[in-house]
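# Descriptive analysis of the structure
Chain residues, written in single-letter form:
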Amino acid sequence: MTTYNDQLSRYVADLFVKEDAALRAAREDSVKHGLPAISIQPEEGRFLQFVVRASGVKKAVEIGTLGGYSGIWIARGLAPGGKLITLEQSEKHAAVAREHFLRAGVGDRVEVRVGDAHQTLPKVAAEGPFDFCFMDADKSGYDAYLTWALTNVRPGGLIAAHNAFRGGDVLNKRGRDADTDAVRAANERFAREPRLLSTIFPAGDGTVIGVVAG
Ligand SMILES: C[S@@+](CC[C@H](N)C(=O)[O-])C[C@H]1O[C@@H](n2cnc3c(N)ncnc32)[C@H](O)[C@@H]1O
């Protein structure tokens, strides 16, 4: 059996994950602007772009924009005429992200909406149904976000959530903290939910992903 490790991850990244200057800026300049260094990893971004492209996503929602790094990957996977609505509670993060979306050439395809996603999602629902929903915000919200996504992502669409591994802490049944417990519960819901066919993409910190039953 092959154990996936840092060297193999680098091998994959070197072959398939081409970050241009705009993507690098979204990752690195966000930190220079004082945003936390908690973007997804390049390999995870490429995975999002791949699944978005492979399933012909036109209407996508992201919960948790930060500096726009994952949003650029998603936007670059969209089908022609597609659109990403990305939700962010921090005005400052949203402003930084808007700059990065413009620099990456996806400003016309991405709309950042500021506010607590728990409040903005019910309004966004009117613009659905969506083809793809990616959650990467407050972990305590994952259960509510998954409930929203199951109602507002079309049959055949995809629902994904980042940090499925929580650095490996999901293996500890006693849980390191409430956020890890929330992620473990979300993973278990993805696994059990009869309307989803799910798995975890195991690179980076793990992305749990399910396709909605048709
Ligand atoms: C892990 S970061 C997102 C990283 C981003 N997806 C990326 O990879 O580039 C989480 C973001 O979610 C935002 N956030 C946290 N709770 C939120 C909420 N309830 N509503 C909207 N945004 C929220 C935070 O301000 C932060 O910018």
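Here, every reference points to the structure presented above.
In this report, we go over the structure that sits alongside the text. This is a predicted model, so every value here is computed, not measured.

About the criteria used
Residues numbered from 1 in each chain as written. Predicted model: local features only at pLDDT ≥ 70, side-chain atom pairs only at ≥ 80, totals over all residues. Helix = DSSP H or I, 4+ residues; strand = E, 2+ residues; numbered from the N terminus. Rg over C-alpha atoms; globule rule 2.2 N^0.38 Å. Buried ≥ 20, exposed ≤ 12 C-beta atoms within 10 Å, placed from the backbone. Contact = placed C-beta atoms within 7 Å. Near = placed C-beta within 6 Å. Core = buried A, V, L, I, M, F, W, Y, C linked by C-beta atoms within 7 Å. Axes fitted to C-alpha atoms, helices over the stretch in contact; angles between N-to-C directions. Parallel < 35°, antiparallel > 145°, perpendicular 65-115°, else oblique. Left-handed = near helix turned anticlockwise from the far one by under 90°. Nonpolar A, V, L, I, M, F, W, Y, C, P; charged D, E, K, R; others polar. Arc of directions from axis to C-beta. Pairing = 2+ DSSP bridges.

### Some remarks on the overall build of the protein chain
Along its length, the protein chain carries 8 helices and 7 strands. Since a compact globule built from 214 residues should have a radius of gyration of about 17 Å, the 16 Å found for the protein chain is in line with a globular shape. Across its three principal axes, the protein chain shows a C-alpha extent of roughly 45 × 40 × 30 Å. Per-residue burial over the protein chain gives 43% buried out of 214 residues. In the protein chain, 70% of the contacts between residues at least 6 apart in sequence involve partners at least 24 apart.

### Here's the deal with the site of the ligand
Looking at the ligand, there are 20 residues lining it, with G64, L66, Y69, S70 and A117 nearest. Going through the elements one at a time, helix 4 (69-75), strand 2 (83-88) and helix 6 (117-124) are the ones with two or more residues in the shell around the ligand.

### A few points about the nonpolar core
In terms of nonpolar packing, the biggest core is built from 58 residues, with A60, I72, C133 and I159 touching the most fellow members. Apart from residues lying up to four places away in sequence, A60 is in contact with V52, I74, L78, L84, F130, D131 and F132.

### Regarding the packing of helix 2 (residues 21-32) against helix 5 (residues 91-103)
Put simply, helix 2 and helix 5 touch, their axes get as near as 9 Å, and they point 165 degrees apart. Relative to helix 5, the element helix 2 lies roughly antiparallel. The element helix 2 and its partner helix 5 pack so that their crossing is right-handed. Facing A22, A25, A26 and S30 of helix 2, the residues of helix 5 in contact are V96, H100 and R103. Here the contact of helix 2 with helix 5 is built from residues that sort into 4 nonpolar, 2 polar and 1 charged.

### Here we look at unusual backbone geometry
Look at the link from G128 to P129: it is a cis peptide, with omega at 0 degrees. Structurally, the position occupied by P129 is in the loop between helix 6 and strand 4 (130-135). Phi at L66 takes a positive value of approximately 55 degrees, unusual for a residue other than glycine. Take L66: it is sitting in the loop between strand 1 (59-63) and helix 4.

### A look at helix 7 (residues 142-152)
Given 3.6 residues to a turn, an α-helix orients residues that are three or four positions apart in the same direction. Where helix 7 is concerned, the buried positions are Y142, Y145, L146, W148, A149 and N152. Buried residues along helix 7 cover an arc of 160 degrees about the axis, so they all sit on one side. Opposite the buried face of helix 7, by more than 90 degrees, sit the exposed residues T147 and T151.

### Points about the sheet that holds strand 3 (residues 110-114)
Strand pairing in a sheet takes place through backbone hydrogen bonds and is either antiparallel or parallel in direction. The 7 strands lie next to each other as 3-2-1-4-5-7-6, forming an open sheet whose pairing is mixed. The two strands at the open ends of the sheet, each matched to only one other strand, are strand 3 and strand 6 (196-201). The average undirected angle you get between the axes of adjacent strands in this sheet is 15 degrees. Sitting on the sheet, helix 7 is in contact with strand 1, strand 4 and strand 5 (153-162), with an inclination near 160 degrees to strand 5.

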